[in-house]
Amino acid sequence: MEYIPVIVLLFIGVIAAKNISDYLALQRHYNALPTLDEYREEFPDCQTPRGIRCCECNSSSIWQRKLNRAGRAIFECRHCGTDLYRR
Ligand SMILES: [Zn+2]
């Protein structure tokens, strides 16, 4: 019986470690993406009068995945699912 708290703590620890590693992986992914300005520079053809296009499939259907309340977001192509740039 006295081992139950240890098991519970271990369980919480494993969940916490998983969350932290997911968070760090997302941070790395986020930081590896270009900003909008860098994206425009890298893919000048994808800057159109009507907005930004996907560099992979030329779709202009792009949506943002908000990461936190500070306004950080990843912009993702709705058509092919490529993460394009960050804010
Ligand atoms: Zn695309």
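Anything mentioned here points back to the structure above.
In this text, all values refer to a predicted model and were calculated from it rather than measured experimentally.

It is not clear to me how helix α1 (residues 4-32) should be interpreted in this structure. Could you clarify?
Each turn of an α-helix holds 3.6 residues, which means side chains three or four residues apart point in the same direction. In this model α1 runs 42 Å from its N-terminal to its C-terminal C-alpha over 29 residues, within 8% of the 42 Å that 1.5 Å per residue would give. Counting buried positions over the 29 residues of α1 gives zero, only a small fraction of the element.

Got a minute to help me understand the sheet that holds strand β4 (residues 73-77) in this structure?
In any sheet, the strands associate via hydrogen bonds between backbone groups, in a parallel or an antiparallel arrangement. The strand order β3-β4-β5 describes an open sheet built from three strands, whose pairing is antiparallel. Across the chains shown, the open sheet's two edge strands, defined by having one partner strand only, are β3 (62-66) and β5 (83-86). On average, each strand axis in the sheet is tilted by 30° relative to the strand beside it, whichever way the strands run. In the sheet, β4 pairs with β5 via three bridges, with the strands oriented antiparallel. Residue Glu76 lies in a different strand from β5, and its bridge partner there is Asp83.

Here is what the cut-offs are and how they apply
- Residues numbered from 1 in each chain as written.
- Predicted model: local features only at pLDDT ≥ 70, side-chain atom pairs only at ≥ 80, totals over all residues.
- Helix = DSSP H or I, 4+ residues; strand = E, 2+ residues; numbered from the N terminus.
- Expected span 1.5 Å × (residues − 1).
- Buried ≥ 20, exposed ≤ 12 C-beta atoms within 10 Å, placed from the backbone.
- Pairing = 2+ DSSP bridges.
- Axes fitted to C-alpha atoms, helices over the stretch in contact; angles between N-to-C directions.

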